[in-house]
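Below are the chains, spelled out letter by letter.
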Amino acid sequence: MRWLYLHFYQLQLDHLYREERLVADEKEGQAASKTTSQATSQALSQATIIVDGQGNEVCQACELAQQQGIRLGMGLAAAIAMQAKLRVLDYRPLLEQELLQQLAEQLYPISANLVLQAPQGLLLEIRSMLRYHQGLENYWQHIQQQLQPLHYHYANAHSPWAAQLLARNGYQQLLADTPEGQQSLEQSLARIPCSSLPLKKNSLERLSSLGIHHLERLLKLPLKEISRRFDEEMLLYLGRLNNELKTPLAYYQPTEIFERQLQLFYEIYDSETLSKPITPLLKQLQDFLQQRDLQAQQVDIQLQLRNSESLKIELRAIRGEEKAERWQALLKLRLERLELPAPVETISLRCEKHQQRGQEHAELFSQHQGRLSQEQLLDSLQARLGKERIHFLQAGNSHIPEHSQQLCNNANSSQGTSKDNSQNNPQDKKGSSKNNTNLPLPEGLRPSFLLKQPQQLQEEVLLFYGPERIQNPGWNEKQNCERDYFIARNQEGRWLWLYKTPNKHWYVHGYFA
């Protein structure tokens with residue numbers, strides 16, 4: 001049996017209950033959200049149906065609604081007359097297509113050859129995967145683990161159309177590729193009513209008028225008889241059903257852009273509460289990145305507000321990050337300073353900026369394990385304060401100490417500029433003048449505290465190191481100067497950074513810690 005079909009007959013309804021259960025679990029025990037928790041619990045215990053707007057018929061119904069007598073295909077008026085306290089929702093085929101796409105991404109690492117059959121079906125080619133999973137039983141266990149707690153019907157067969165027909169008719173069977181399994185498959189197909197075949201209405205009426213009500217009688221008819229009584233559509237379908245004609249299939253290819261949208265079933269007024277529904281989306285992002293061995297550099301979250309413009313939240317990780325816990329920490333810092341002008345109705349999460357995951361070198365017995373790296377600390381500061389409030393020191397184009405550094409907003413540019421300047425301007429580290437009777441100035445030694453404006457020396461000091469000549473070229477008259485710097489200590493024991501001008505005036509420019 002080469003093909004397996006999964007039919008998710010109430011995918012939108014399962015999604016609804018899954019989100020509401022998450023809300024109920026997260027709100028439990030929180031006094032501030034007591035009203036929302038009660039409303040969610042009431043919704044979980046209420047009979048719910050989903051109605052297709054085209055025919056105004058029930059297309060999905062929860063177990064409680066079915067226990068109260070509501071059936072699929074029933075009109076909305078009849079359903080409400082039977083149960084007045086029904087919760088009625090519109091059918092959203094686009095949502096089911098998105099959910100089906102997510103299921104395909106979820107199953108792709110287990111079964112690489114799969115086909116999306118929107119809006120409620122997945123077709124899996126299983127024969128090539130059995131050796132990898134060491135048999136059909138192990139393969140099916142892995143599939144079931146990924147699909148919990150969804151409701152679905154499944155069946156495998158020799159052709160995609162046969163597997164689809166069985167699953168859509170409510171079968172839940174997995175047959176071995178043996179003569180016994182083939183016999184069970186033929187018996188199951190024989191019991192399928194012809195009214196459930198995906199054929200045109202006039203073809204189904206023709207079958208009924210001929211007294212052919214089950215597939216068993218149809219399959220026994222000679223091809224000449226079928227071609228004489230029916231059109232080409234019937235021959236084409238039976239040929240594909242019996243695997244006599246090949247079916248063109250478009251196999252699923254995973255995307256490199258992660259995008260999810262969550263329609264909230266309740267409005268959120270508090271920004272801190274937003275982390276609850278976003279957490280499952282970040283976990284899905286983590287699975288997406290780990291399957292592709294990627295690290296996200298930026299995550300964009302868009303909040304659709306009621307009767308207001310949407311808000312956009314940008315989370316960045318300089319080094320790249322794939323763990324959901326780390327993105328949750330950055331989100332929490334960002335939400336602390338976010339004010340919502342209106343309640344949130346929809347949440348969208350998108351990630352398209354990512355990179356290949358690099359090797360992390362962490363020492364097993366390092367004393368710094370568990371601490372934030374420099375990049376992670378910077379990510380946290382940007383999320384908490386905003387990127388525009390984070391500044392870095394960058395080497396300037398001057399040898400004068402008060403002009404040798406400047407602020408910039410880009411950490412990478414500051415590092416690169418500093419590296420270039422240290423290579424091209426060795427005078428920043430080594431003095432250009434000859435030493436006097438004092439010891440030579442240690443290479444690169446600079447004070448921890450630099451005064452904004454040099455102050456004239458007013459006390460007696462003892463010189464220890466120097467001089468170091470620092471001067472700027474004469475083409476810039478505003479910054480043109482010539483100074484001899486010394487390291488000295490005053491009577492109180494403080495270490496000073498002094499310089500002497502050509503006019504023999506002494507100034508204090510900084511202090512050593």
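Everything in this summary refers to the structure shown in the same document.

Reading guide: rules and limits
- Residues numbered from 1 in each chain as written.
- Predicted model: local features only at pLDDT ≥ 70, side-chain atom pairs only at ≥ 80, totals over all residues.
- Heavy atoms only, no water.
- Helix = DSSP H or I, 4+ residues; strand = E, 2+ residues; numbered from the N terminus.
- Buried < 20%, exposed > 50% of the residue type's maximum accessible area, 1.4 Å probe, protein only.
- Contact = heavy atoms within 4.5 Å.
- Expected span 1.5 Å × (residues − 1).
- Pairing = 2+ DSSP bridges.
- 1 Å grid on protein atoms, 1.4 Å probe; cavity = no way out; pocket = protein on both sides within 12 Å on 5 of 7 lines; lining within 4 Å.
- Points joined across faces, edges and corners; volume = space filled by probe spheres on them.
- Axes fitted to C-alpha atoms, helices over the stretch in contact; angles between N-to-C directions.
- Parallel < 35°, antiparallel > 145°, perpendicular 65-115°, else oblique.
- Left-handed = near helix turned anticlockwise from the far one by under 90°.
- Nonpolar A, V, L, I, M, F, W, Y, C, P; charged D, E, K, R; others polar.
- Patch = residues over 30% accessible without salt bridge, like charges linked within 9 Å, V, L, I, M, F, W, Y side chains within 5 Å.
- Areas by Shrake-Rupley, 256 points an atom, 1.4 Å probe, with all protein chains shown as cover.
- Salt bridge = Lys/Arg side-chain N within 4 Å of Asp/Glu carboxyl O.
- Core = buried A, V, L, I, M, F, W, Y, C linked by side-chain atoms within 4.5 Å.

### Focus on the overall build of the protein chain
Then, in step 1: Looking only at helices and strands, the protein chain features 17 helices and 19 strands.
Then, in step 2: Burial status across the protein chain gives 41% buried among its 513 residues.
Then, in step 3: Here the contacts in the protein chain between residues at least 6 apart in sequence split such that 61% fall between residues at least 24 apart.

### Regarding helix 9 (residues 179–190)
Then, in step 1: If you check helix 9, its first and last C-alpha atoms are 17 Å apart, about what twelve residues at 1.5 Å a residue would give, namely 16 Å.
Then, in step 2: Among all positions in helix 9, only G181, L185, S188, L189 and A190 are buried.
Then, in step 3: The elements touched by buried residues of helix 9 are strand 7 (153–157), helix 8 (160–168), strand 8 (172–173) and helix 11 (215–220).

### Some remarks on the pairing of strand 18 (residues 495–500)
Then, in step 1: With five of six residues buried, strand 18 is to be regarded as a mostly interior element.
Then, in step 2: In the sheet, strand 17 (residues 482–490) pairs with strand 18 via six bridges, with the strands oriented antiparallel. Paired with Y485 across the strands is Y499, a residue of strand 18.
Then, in step 3: Both strand 18 and strand 19 (residues 506–511) contribute to a ladder of five bridges, which runs antiparallel. Residue L496 lies in a different strand from strand 19, and its bridge partner there is Y511.

### Considering empty space enclosed by the protein
Then, in step 1: Across all of its chains, the model carries two cavities of 30 Å³ or more by this definition.
Then, in step 2: Reported here for the second largest cavity is a volume of approximately 50 Å³.
Then, in step 3: Along the walls of the second largest cavity sit A317, R319, G320, E321, R326, E375, Q376 and D379, which together make up its complete lining.
Then, in step 4: For the lining of the second largest cavity, the secondary structure elements donating two or more residues are strand 11 (311–321) and helix 16 (374–385).
Then, in step 5: The element that contributes the greatest number of residues to the lining of the second largest cavity is strand 11, accounting for four residues.

### Details of the sheet that holds strand 15 (residues 449–456)
Then, in step 1: The antiparallel open sheet is built from five strands, whose spatial order is 15-19-18-17-16. Of all strands in the sheet, those with a lone pairing partner are strand 15 and strand 16 (461–471), marking the two edges. Pairs of neighbouring strands in the sheet enclose a mean axial angle of 25°, with direction left out of account.

### Here we look at the sheet that holds strand 4 (residues 87–90)
Sheet strands line up and pair through hydrogen bonds in the backbone, either parallel or antiparallel.
Then, in step 1: Pairing in this open sheet of three strands is mixed, and the strands run 3-2-4 from one edge to the other. Only two strands of the sheet have a single partner each, and these edge strands are strand 3 (57–61) and strand 4. Mean inter-strand twist for the sheet, computed between neighbouring axes without regard to direction, equals 40°.

### A short note on the packing of helix 8 against helix 9
Then, in step 1: Relative orientation of the contacting elements helix 8 and helix 9 amounts to 60°, with a least axis distance of 10 Å. Taken together, the axes of helix 8 and helix 9 lie oblique to each other. You can see that helix 8 and helix 9 cross each other, and the crossing is left-handed. Seen from helix 8, the contacting residues are A162, L165 and L166; seen from helix 9, they are L185, S188 and L189.
Then, in step 2: Residue classes in the contact of helix 8 with helix 9 are distributed as five nonpolar, one polar and no charged.

### Section: the environment of G320
Then, in step 1: Turning to its location among the elements, G320 is positioned in strand 11.
Then, in step 2: Its relative accessible area of 3% is what places G320 among the buried residues.
Then, in step 3: Not counting chain neighbours up to four residues away, the residues in contact with G320 comprise Q295, A296 and Q355.

### Section: a nonpolar patch on the surface
Then, in step 1: There is a patch of nonpolar side chains on the surface, built from L377, L381 and L385 and spanning about 230 Å² of accessible area.
Then, in step 2: Mapped onto the secondary structure, L385 falls in helix 16.
Then, in step 3: Using a relative accessible area of 36% as the deciding quantity, one classes L385 as partly exposed.

### What about the packing of helix 14 (residues 275–292) against helix 15 (residues 324–335)?
Then, in step 1: Remark: helix 14 packs on helix 15, axes separated minimally by 9 Å, with the N-to-C direction vectors making an angle of 145°. The way helix 14 lies across helix 15 gives a crossing that is right-handed. On the side of helix 14, the interface is formed by S275, I278, T279, L282, K283 and Q286, while helix 15 contributes A324, E325, W327, Q328, L331 and L335.
Then, in step 2: Looking at side-chain class alone, the contact of helix 14 with helix 15 contains six nonpolar, four polar and two charged residues.

### Observations regarding the nonpolar core
Then, in step 1: L274, L285, I301, L303, V344, I347 and L349 are the most contacted members of the largest nonpolar core, which totals 35 residues.
Then, in step 2: When residues of this core are traced back to their parent elements, those giving at least two are strand 9 (258–268), helix 14, strand 10 (294–305), strand 11, helix 15 and strand 12 (344–356).
Then, in step 3: Ignoring any residue separated from it by four or fewer positions in sequence, one finds I347 in contact with R260, Q261, L262, L264, L274, P277, I278, L281, I301, Q302 and L303.
Then, in step 4: W3, I192, L207 and I226 belong to the second largest nonpolar core, which has 30 residues in total.

### Digging into the pattern of salt bridges
Pairing between side chains becomes possible if they bear opposite charge and their charged atoms approach one another.
Then, in step 1: As enumerated under the stated definition, the model contains 15 salt bridges in all.
Then, in step 2: Two residues, E259 and R350, come together in a salt bridge whose shortest N-O distance is 2.8 Å. With E259 in strand 9 and R350 in strand 12, this residue pair connects regions lying 91 residues apart in the sequence.
Then, in step 3: You can call E259 partly exposed: its relative accessible area is 48%.
Then, in step 4: With a shortest N-O distance of 3.4 Å, E352 and R350 are connected by a salt bridge.

### A few points about the environment of L285
Then, in step 1: Tracing the backbone through its elements, the reader meets L285 in helix 14.
Then, in step 2: In sequence terms L285 and V299 are 14 residues apart; their C-alpha atoms lie 9.5 Å from each other.
Then, in step 3: Residues within four places of L285 in sequence aside, it is in contact with F258, V299, L349 and C351.

### Considerations on helix 13 (residues 232–241)
Then, in step 1: Among the residues making up helix 13, those that are buried are M234, Y237, L238, G239, R240 and L241.
Then, in step 2: The elements touched by buried residues of helix 13 are helix 8, helix 10 (201–209), helix 11 and helix 12 (223–229).
Then, in step 3: After helix 13 finishes, the residue N243 shows a positive phi value of roughly 65°.

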